[in-house]
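Geometric and topological summary
Residue-level listing of the chains:
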Amino acid sequence: MSHLSERPEKPVVGVSMPHESAFQHVTGTALYTDDLVHRTKDVLHAYPVQVMKACGRITALRTEPALAVPGVVRVLTGADVPGVNDAGMKHDEPLFPDEVMFHGHAVAWVLGETLEAARLGAAAVEVELDEKPSLITLKEAIAAESFHGARPVMVTGDVEAGFADSAHVFTGEFQFSDQEHFYLETHAALAHIDEAEQVFVQSSTQHPSETQEIVAHVLGLHSHEVTVQCLRMGGGFGGKEMQPHGFAAVAALGAKLTGRPVRLRLNRTQDLTMSGKRHGFHATWKIGFDADGRIRALDATLTSDGGWSLDLSEPVTARALCHIDNTYWIPNARIAGRIARTNKVSNTAFRGFGGPQGMLVIEDIMGRCAPLLGLDPMELRERNFYEQGQSTPYGQQVTHPERISAVWDKVKENGGLADRGREIAAFNAAHPHTKRALALTGIKFGISFNLTAFNQGGALVLIYKDGSVLINHGGTEMGQGLHTKMMQVAATTLGIPLYKVRLAPTRTDKVPNTSATAASSGADLNGGAIKNACEQLRERLLQVAASQLGSNASDVRIVEGVARTLGSDKELAWDDLVRTAYFQRVQLSAAGYYRTEGLHWDAKAFRGSPFKYFSYGAAAAEVEVDGFTGAYRIRRVDIVHDVGDSLSPMIDIGQVEGGFVQGAGWLTLEDMRWDATDGPHRGRLLTQAASTYKLPSFSEMPEEFNVTLLENATEEGAVYGSKAVGEPPLMLAFSVREALRQAAAAFGPSGVSVELASPATPEAVYWAIQAAREADASRSGTVGTGHADKGHAVNKHAGNGLATEGAAARTEAEAFSGA
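Residues numbered from 1 in each chain as written. Predicted model: local features only at pLDDT ≥ 70, side-chain atom pairs only at ≥ 80, totals over all residues. Heavy atoms only, no water.

**Things to note about the overall build of the protein**
Quick reminder of the rule: Going along the chain from the N terminus, every DSSP run of H or I of four or more residues is numbered as a helix, and every run of E of two or more is numbered as a strand. The globule rule is 2.2 Å times the number of residues to the power 0.38, and the radius of gyration it is compared with is taken over C-alpha atoms. Should any heavy atoms of two residues lie within 4.5 Å, those residues are considered in contact. Each accessible area is a Shrake-Rupley estimate made with a 1.4 Å probe; only the visible protein chains count as cover when residues are assessed. In summary, the charge assignment counts Lys and Arg as positive and Asp and Glu as negative, without counting His or the chain termini. By convention, the point assigned to a charge is CZ for Arg, NZ for Lys, CD for Glu and CG for Asp.
Looking only at helices and strands, the protein has 20 helices and 30 strands in total. The C-alpha atoms of the protein give a radius of gyration of 28 Å, which matches the 28 Å a tight globule of 819 residues would have. By sequence separation, contacts in the protein at least 24 residues apart represent 81% of the contacts at least 6 residues apart. Just so you have it, the protein exposes about 29400 Å², and 52% of that area is on carbon and sulfur atoms. If you average the places of the 75 positive and of the 96 negative side-chain charges in the protein, the two averages end up 2 Å apart.

**A few points about empty space enclosed by the protein**
Under the convention used in this document: Using only the protein atoms, space was sampled on a 1 Å grid; points where a 1.4 Å probe fits but cannot get out form cavities, open sets with protein on both sides within 12 Å along at least five of seven lines form pockets, and lining residues are those with an atom within 4 Å of a point. Grid points are joined across faces, edges and corners, and a volume is the space filled by probe spheres set on the points. Under the scheme applied, nonpolar residues are Ala, Val, Leu, Ile, Met, Phe, Trp, Tyr, Cys and Pro; charged residues are Asp, Glu, Lys and Arg; polar residues are all the others, including Gly.
This model, assessed by the stated rule, comprises five cavities of 30 Å³ or more. Estimated volume of the largest cavity: approximately 350 Å³. Looking at the largest cavity, it is lined by 18 residues, and the ones nearest its centre are Ala87, Glu93, Phe247, Met274 and Trp308. Taken as a whole, the second largest cavity encloses approximately 90 Å³ of empty space. Around the second largest cavity, the lining is made up of 14 residues, and of these Asp524, Tyr594, Thr596, Lys612 and Tyr613 lie nearest the centre. Among the residues forming the lining of the second largest cavity, the class breakdown is seven nonpolar, five polar and two charged.

**As for the sheet that holds strand β9 (residues 188-193)**
Through backbone hydrogen bonds, the strands of a sheet pair up, either in parallel or in antiparallel fashion. So the rule is basically this: In this analysis, strands are considered paired if DSSP registers two or more bridges between them. Axis lines are fitted through C-alpha atoms, for helices just across the contact stretch, and the angle between N-to-C directions can take any value from 0 to 180 degrees.
In space, the eight strands of this open sheet follow the order β3-β5-β1-β12-β9-β10-β11-β20, with mixed pairing throughout. This sheet does not close on itself; its edge strands, each paired only once, are β3 (72-76) and β20 (506-507). Where strand β1 (residues 44-51) meets strand β12 (residues 262-265), two bridges bridge the pair, whose relative direction is parallel. In the sheet register, His45 faces β12, and the bridge partner there is Arg263. Most of the contacts of helix α6 (residues 208-219) go to strand β11 (residues 226-230), to which it runs at about 145°, and overall it touches β10 (199-203), β11 and β20.

**Looking at the sheet that holds strand β19 (residues 501-503)**
Here four strands make up an open sheet; going across it, the order is β19-β18-β17-β24 and the pairing mixed. If you trace the sheet from one side to the other, it starts and ends with β19 and β24 (589-595), each paired once. In this sheet, adjacent strand axes meet at a mean angle of 25° when their direction is disregarded. When strand β17 (residues 456-463) meets strand β18 (residues 469-473), the two strands line up antiparallel, connected through five bridges. Bridge assignment links Leu460 to a residue of β18, and that residue is Asn472. Taken strand by strand, helix α15 (residues 522-549) contacts β17, β18 and β24, and its axis lies near 140° from that of β24.

**Here we look at the packing of helix α18 (residues 734-745) against helix α19 (residues 762-774)**
Applied cut-off: Each angle gets one of four labels, with under 35 degrees taken as roughly parallel, over 145 as roughly antiparallel, 65 to 115 as roughly perpendicular, and the rest as oblique. Two helices crossing with the near one rotated counterclockwise from the far one by less than a right angle form a left-handed crossing, whereas a clockwise rotation gives a right-handed crossing.
One can describe the packing of α18 onto α19 by two numbers: an axis separation of 8 Å at closest approach and a directional angle of 40°. Comparing the axis directions of α18 and α19 gives the class oblique. Between α18 and α19 lies a crossing whose hand is right-handed. Contact residues: Leu740, Ala744 and Ala745 in α18; Val765, Ala768, Ile769 and Ala772 in α19. In terms of residue class, the contact of α18 with α19 is built from seven nonpolar, no polar and no charged.

**Here's the deal with the packing of aromatic side chains**
In plain terms, the rule: The rule is short: rings of Phe, Tyr and Trp, with Trp giving its six-membered ring, pair when the centres are within 6.5 Å, and they are stacked under 30 degrees, edge-to-face over 60, tilted in between. Here's how the labels work: a residue is buried when its accessible area is under 20% of the maximum for its type, exposed when over 50%, partly exposed in between, all with a 1.4 Å probe on protein chains only. Look at NZ for Lys and CZ for Arg. If either is within 6 Å of the ring centre and within 35 degrees of the ring normal, a charge sits over the ring.
Taken as a whole and judged by the stated rule, the model has 18 aromatic pairs. Note on Phe176 and Trp666: the rings are 6.3 Å apart at their centroids and 70° apart in plane angle, and the pair reads as edge-to-face. Of this pair, Phe176 sits in strand β8 (residues 168-176) while Trp666 sits in helix α17 (residues 649-668), and the two are 490 residues apart along the sequence. The exposure class assigned to Phe176 is buried, which follows from its relative accessible area of 2%. In this structure Trp666 comes out as buried when scored by relative accessible area, which is 1%. Ring plane angle 80° and centroid distance 6.0 Å describe the contact between Tyr394 and Trp601, whose orientation is recorded as edge-to-face. Here the residue Tyr394 occupies a position in the loop between α11 (377-383) and α12 (402-415), and Trp601 occupies one in strand β25 (residues 600-602), the gap between them amounting to 207 residues. In terms of burial, Tyr394 and Trp601 fall into one category: buried. The ring of Tyr582 has Lys465 lying over it, and the distance from NZ or CZ to the ring centre is 4.8 Å.

**Let's talk about the pairing of strand β5 (residues 105-112)**
By the criterion of burial, β5 is predominantly enclosed, with eight of the eight residues buried. In this structure, β1 lies alongside β5, joined through seven bridges in antiparallel fashion. Paired with Gln50 across the two strands is Ala106, which belongs to β5. Note: β3 against β5, four bridges, orientation antiparallel. Counted as the bridge partner of Val75 is Val110 from β5.

**What about the side chain of Gln243?**
Inclusion rule: Residues adjacent in sequence count toward polar contacts only when both atoms are side-chain atoms; beyond that, a polar contact is any pair of N or O atoms within 3.5 Å, and within protein one must be able to donate a hydrogen and the other to accept it.
For Gln243, the position within the fold is in the loop between β11 and α7 (244-258). Of the polar contacts made by the side chain of Gln243, one reaches the backbone oxygen of Ser346; its length is 2.8 Å.

**Side note on the confidence of the model for the protein**
Defined as follows: The predictor rates its confidence in each residue with pLDDT, a number between 0 and 100.
Across the protein, pLDDT averages 94, with 95% of residues at or above 70. Scored below 50 in pLDDT, residues 780-819 shows 111 contacts in the model against residues more than four places distant or in partner chains.

**Topic: the pattern of salt bridges**
Rules: What makes a salt bridge here is a side-chain nitrogen of Lys or Arg within 4 Å of a carboxyl oxygen of Asp or Glu, nothing more.
This structure, assessed with the given rule, holds 56 salt bridges. Among the salt bridges present, the one from Lys344 reaches Asp305, with a minimum N-O distance of 2.8 Å. Residue Lys344 is found in the loop between β15 (333-341) and α10 (355-369), and its partner Asp305 is found in strand β14 (residues 295-307); the two are separated by 39 residues along the sequence. The two residues Lys344 and Asp305 agree in class, both being buried. Connected through salt bridges with shared partners, the residues Glu363, Asp364, Arg368, Arg381, Arg737, Glu738 and Arg741 form a single ionic network.

**Some points on α12**
Formally: Expected helix span is taken as 1.5 Å per residue step, with the number of steps being one fewer than the number of residues. Throughout, the arc means the angular range of directions from the helix axis out to the C-beta atoms.
The terminal C-alpha atoms of α12 lie 20 Å apart, and with 14 residues this matches the ideal 20 Å at 1.5 Å per residue to within 8%. Listed in full, the buried residues belonging to α12 are Arg403, Ile404, Val407, Trp408, Val411 and Gly415. In an axial view of α12, the angular spread of the buried residues amounts to 140°, which keeps them on one side of the axis. Looking at the buried side of α12, the elements it contacts are α11, α13 (417-430), β16 (434-447), β27 (613-626) and β28 (632-641). Two residues or fewer after α12 comes Gly416, characterised by a positive phi angle close to 55°.

**Looking at the environment of Leu184**
By the element assignment, Leu184 lies in the loop between β8 and β9. Along the sequence, Leu184 and Gly235 sit 51 residues apart, while their C-alpha atoms lie 6.1 Å from each other. With residues up to four places along the chain from it excluded, the contact list for Leu184 reads Gly234 and Arg268.

**Observations concerning unusual backbone geometry**
Each neighbour pair has its own omega, and for Ser758 with Pro759 the value is 10°, a cis peptide bond. Assignment of secondary structure puts Pro759 in the loop between α18 and α19. Even without glycine at this site, Phe182 takes up a positive phi of about 50°. With respect to the helices and strands, the residue Phe182 is situated in the loop between β8 and β9. Looking at Phe182, the relative accessible area reads 15%, which means it is buried.

Quick look at the structure:
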């Protein structure tokens, strides 16, 4: 076993324990960024001047009326920026734009003594606009060839030869929706200037180092003149990886110009209309199977909706390409990616970071093609699982492919799928207007940042004379339990009880140049760094203990806060050991560092090994669907997920449950709507509140929900043998969508291929049911698309081999289900 993954005697990792802030969360005493306002004197409040048009050049911006509003102190515009007027890393996101690029774009910010004064001041600002034509939908952007950023192409094998060898070839088209993060805490920042003109920003950010960098370049400062702290976040999910920087910069600019603290917090409507979402995608595809249902070739084009600026669209699109294979070996493939430029908010990271979008495409293909091949969907998926020695389309060998089958078979066993399948068949035969279905899907998700340089982490660990320990690391806590795990890692490495360890808020003057807490890498990177720092300290203390116990340092073990020599009754308590080390002038602080080894990636060639390892999981979902309305309920979910040797089992199970529910929300409920008409509100987000944007709640939870972590799954080369858990479980929700597809198909003849929109809302399920009912034997060999678009299937063994029309012969209005 590797040094990094080996666990000592009686480790604190692997023990189930509550979140380190759970008590504060449930009692309301946990502080978030905006709570700090009440502890800060003379705070000014920032409010945006939003322009409610989708596109246009600003011809006049008059701020004088705002200054006449009582309580307004200043209006911030581009003329006030001493440094670079840009909030992005691609230099395509002006902080104060002279061109409006989406409905609700903020062009100035008003500072007021109260939030109400700032709001009234913002309403008084006069903006004149030379309105321009806008592109709102993905289809409009594709038709106009409006693209930006890189256009990667991933190629493996010989695609044309693969199709020539295929017994069955199908083509299709699929468009699926974006998703709102809807974290509990909206974007927030609090900035103030100290007596040395140092800028201190409290920010709800997943990437404090990048927030620091953006604030510095907006203010024309060096990074050492700016400190950013993230106390905790009330949710992030990727939405606070890039997008907080501009808001922090506005607050810092206001503080710099006025000399007073400035608070910026978006209300819910502003957050929804001004911040980016998960990228919606459009996909066209062609796939070939051999006579046994094994994939021979795949040719696809994935187009992501990037919005008005690039943000993280390039790496999101790249990760989608890297995950289109999911758990399936595709020997011949050509996958192209491109980013559409639309007049909407700039879409950004969201749990899974493009992986879910790529994986959804192949899972949709498998679900639609299985009936055409005369195979049960579970069987089709099993036949195409990766095997030992096979590589991904980008050239990385798949490690531990046997775990794909291991989690799959364990779900079958735990869930009693064979017996339940027979029960469902009997139920469906007896109920013409209600159908049930059970679907099983798996996941393979790569862990690490695609950009190799981001795969590094730092930590600072301090031991005080009384034996207490304070740890600092570069990761941020957004409720996912990272801090809890890091405390367990520190206690395990030092050999002390958990109560002796405390964790300090994340800030850039303690650990510099950190990566974002993203890509599910927080525990891997920061855990490795904390372990490194604690090992340095432990080695020093072992030397001290050896001198006190009269033995060699190699024979000393520190377990549960007591140093003992092997084969001896002599012992030394931790507190005494630390005190002795202090008087011997032994350094009791250490900076730790970790870099993920074995990674390489050529973004231009789209080849390499960008991931340290793969996480695996499988989920079976049973649903019941009403044939009259399309309404459905999730009767039962069984999950087995691979987290290696868990650092904190209760935290990990919570992450699996939460990720699954969030994925089910994206795939079945969360239907974002934009005004794409030519009216005066073109480009407006229509679902800008919880009243119109449906989020998963208790009523959407599975009636029975069983989550099991894969046993005996140590991951060599990862901290204490664990695996990442943040993002992968979201994709387990594919099982719900596939179960809904199968339930809808059960209303029609056997062998019908059902198209299903995403999100699969009750409305979408209803139209899928209608299409299944209308299907006949000749239509069962066709493939539709995700929405009203018509796709087709070509079966080399079918009659004249001509493409036939899509399964659903209905109007655009009937088919509309949330494009």
